[in-house]
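Tertiary structure, described
The chain contents come next:
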There are 2 protein chains.
Amino acid sequence: MKDSQLVTSKLRQIKNTLSSYLTKILPNYQITPITMYTLEFLRKNPDAMAVDLADEFGLTRGAVTQILDKLEQQHLVLRKPHPTSRRSIQIELTEKGTTLVDAILDDYHHEIEKLFTNYSEEELAILKQLLDKLPV
Amino acid sequence: MKDSQLVTSKLRQIKNTLSSYLTKILPNYQITPITMYTLEFLRKNPDAMAVDLADEFGLTRGAVTQILDKLEQQHLVLRKPHPTSRRSIQIELTEKGTTLVDAILDDYHHEIEKLFTNYSEEELAILKQLLDKLPV
DNA sequence: GTTATATTGTTTAGTTAATTAACAGTTTAA
DNA sequence: TTAAACTGTTAATTAACTAAACAATATAAC
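Every residue gets a number counted from 1 within its own chain, in the order that chain's sequence is written. Labels follow written order: the first chain is A, the first ligand is 1, and so on. Per-residue local features are limited, in this predicted model, to residues with pLDDT of at least 70; the limit for side-chain atom pairs, both in listing and counting, is 80 or more; totals at the level of whole chains, interfaces and linings are taken over all residues. To obtain the side-chain values, all non-hydrogen atoms of the structure were used and water was disregarded.

In the nomenclature of an unreviewed UniProt entry, chain A corresponds to MarR family transcriptional regulator from the organism Paenibacillus selenitireducens.

Take a look at the structure:
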């Protein structure tokens, strides 16, 4: 079997492992994957509009409205008037939302980093270089 | 930033890329991710019982019943009497099901393998070795 | 400038995929 | 022999999404 096939298979396994980590972590925070992703996207894109979220996740605008409703009920985000466009809204992460998403990402990333405990510094550096060649 | 963090971030990107590939491919085959995974699992585990599918995917037995109902309607699997246990069923991939899952995996894997077109044989070999160290 | 078109977010009704809980039949353990 | 556990199904319910219509606003065409 070719190395490209073996690496492909390994990447699929990694994908499953990461998914299972998230599935394990999120219930501790009473949050679903899509609301977590929403918070993370807003953390990285503070100026994002609702339609950007819809595009990012391949959802309808109606679905995003409902996700924001839930996040607002949990006081994790706040809808505010948009500073420049009156047909849009400004979606603000609350302090509670910011703290939450940071804690979740911390947990999640630490769990993933445990996968590398038996790697040397040099191996990690090479792995990083090789993965950086991926057009993702 | 430490390499373990950078690699972690890259693995998350890879996970998203793989997910989007699947999302793009599956509609061509009129199938959902969970039914695709079910077919793939049955392909690799011909003796699997319904309860094994539930365990594998973290679903209830009732959910698996419904997934199998759909797959049976599409003539992709067949429920047969189990050879040794009368309270269980034997889930058989039909020829149509086998052909379908093979075609999907072919598509999917080829799409992933395109990510490595700018890798040398040597780089791929090293990447494979390094990923094999992962406990996944 | 006015008008037509497109964009943004919301609402409502309906669909889909899942859960929960009860059940029947079968197997295993006491 | 009886009790407990296991396997799969069913029916009712819940949660997350879509589709389609809508109101308000912004952009483009002329």
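Let's talk about the interface of chain B and chain A
Each side of the interface is counted separately: chain B has 40 residues, and chain A has 40 residues. Two parts placed together each lose some accessible area under a 1.4 Å probe, and adding up what both lose gives the buried area. Carbon and sulfur atoms supply 68% of the area that chain B and chain A bury against each other, a total of about 4,400 Å² over both sides. Among the residues chain B hides against chain A, the three largest losses belong to Arg12(B), Lys15(B) and Val136(B). Together they make up 17% of the total. In what follows, salt bridge is the name for a side-chain nitrogen of Lys or Arg lying within 4 Å of a carboxyl oxygen of Asp or Glu. Applying the counting criterion to the chain B and chain A interface returns six salt bridges. The salt bridge partner of Arg12(B) is Glu40(A), with a shortest N-O separation of 2.8 Å. Pairing of N or O atoms within 3.5 Å defines a polar contact, subject to two protein rules: one partner must be a possible hydrogen donor and the other a possible acceptor, and residues neighboring in sequence count only if both atoms are side-chain atoms. The interface formed by chain B and chain A contains twelve residue pairs in polar contact (both at pLDDT 80 or more). In this description, contact between two residues means that some pair of their heavy atoms is separated by no more than 4.5 Å.

A word on the relation of the copies chain B and chain A
The superposition of copies rests on a least-squares fit of C-alpha positions from residues with pLDDT of 70 or more in both. If you rotate chain B by 180° and push it 0.0 Å along the axis, it lands on chain A with an RMSD of 0.1 Å. Classification of the inter-copy transformation places it as that of a two-fold axis. In terms of C-alpha distance to the rotation axis, chain B has Lys15(B) as its closest residue, with the C-alpha 2.4 Å off the axis. The residues that chain B uses at the interface reappear at the interface of chain A in 100% of cases, marking a shared surface.

Observations concerning the packing of aromatic side chains
The description of an aromatic ring pair rests on the distance of the ring centres and on the angle between the ring planes. Any Phe, Tyr or Trp ring, taking Trp's six-membered ring, that has another such ring centre within 6.5 Å forms a pair; planes under 30 degrees apart are called stacked, those over 60 apart edge-to-face, and the others tilted. In total, this model carries six aromatic pairs over all chains according to the counting rule given. Geometrically, the ring pair formed by Phe116(A) and Tyr119(A) is edge-to-face, given 5.6 Å between the ring centres and 90° between the ring planes. These aromatic residues form a ring-pair network of at least three members: Tyr37(A), Phe41(A) and Phe57(A). Whether a charge sits over a ring comes down to the Lys NZ or Arg CZ being within 6 Å of the ring centre and within 35 degrees of the ring normal. Over the aromatic face of Tyr119(B) sits the side chain of Lys133(A), whose NZ or CZ is 5.6 Å from the ring centroid.

Description of the protein's contact with DNA strand C
In the vicinity of DNA strand C there are 21 residues, among which Val51(A), Arg61(A), Arg87(A), Ser88(A) and Arg86(B) approach most closely. Atoms of DNA strand C within 4 Å of the protein: sugar and phosphate make up 64%, bases the balance. Asp, Glu, Lys and Arg are counted as charged, while Ala, Val, Leu, Ile, Met, Phe, Trp, Tyr, Cys and Pro are counted as nonpolar; the rest, among them Gly, fall into the polar class. Here the residues of the surface near DNA strand C are counted per class, giving seven nonpolar, eight polar and six charged. A cutoff of 4 Å decides nearness: a residue is near a molecule or strand if any of its heavy atoms lies inside that distance of it.

Points about the pattern of salt bridges
On inspection of all chains with the given rule, the structure shows 22 salt bridges over all chains. Here Asp132(A) makes a salt bridge to Lys10(B), at a shortest N to O gap of 3.7 Å. Of this pair, Asp132(A) sits in helix H6 (residues 121-132) while Lys10(B) is found in helix H1 (residues 3-25), placing the two residues in two different chains. Only protein chains enter the area calculation, which uses a 1.4 Å probe; residues under 20% of their type maximum are buried, those over 50% are exposed, and those in between are partly exposed. Residue Lys10(B) is classed as buried on the basis of its relative accessible area of 11%. Members of the salt-bridge network, linked through shared partners, are Lys10(A), Lys128(B) and Asp132(B). Counting from the N terminus, the helices are DSSP H or I runs at least four residues long and the strands are E runs at least two residues long.

Re helix H2 (residues 33-44) of chain B
Multiplying one less than the number of residues by 1.5 Å gives the expected span of a helix. In a regular helix each residue adds 1.5 Å, so twelve residues correspond to 16 Å; H2(B) covers 17 Å between its end C-alpha atoms and thus fits that length. Within the span of H2(B), buried status applies to Thr35(B), Met36(B), Thr38(B), Leu39(B), Glu40(B), Phe41(B) and Leu42(B).

Focus on the packing of H2(B) against helix H3 (residues 50-57) of chain B
All names here are of chain B. Orientation of H2 relative to H3, taken along the N-to-C sense of each, is 120°, at an axis distance of 11 Å. Viewed along their axes, H2 and H3 adopt a mutual orientation that is oblique. Handedness of the crossing formed by H2 with H3: right-handed. Contacts between H2 and H3 pair Ile34, Tyr37, Thr38, Phe41 and Leu42 from the former with Asp52, Leu53, Glu56 and Phe57 from the latter. Classifying every residue of the contact of H2 with H3 gives six nonpolar, one polar and two charged. Fitting a line to C-alpha atoms yields each axis, with helices limited to the stretch in contact; the angle taken between N-to-C directions then spans 0 to 180 degrees. Any angle between 65 and 115 degrees counts as roughly perpendicular, while under 35 counts as roughly parallel, over 145 as roughly antiparallel, and the rest as oblique. Rotating anticlockwise by less than a right angle from the far helix to the near helix defines a left-handed crossing, while the corresponding clockwise rotation defines a right-handed one.

Focus on unusual backbone geometry
Most of the time, phi is negative for any residue but glycine, and the peptide bond is trans. Positioned with a positive phi, Gln30(A) is a non-glycine residue whose angle comes to about 50°. Of the residues examined, Gln30(A) reaches a relative accessible area of 66% and is grouped as exposed.

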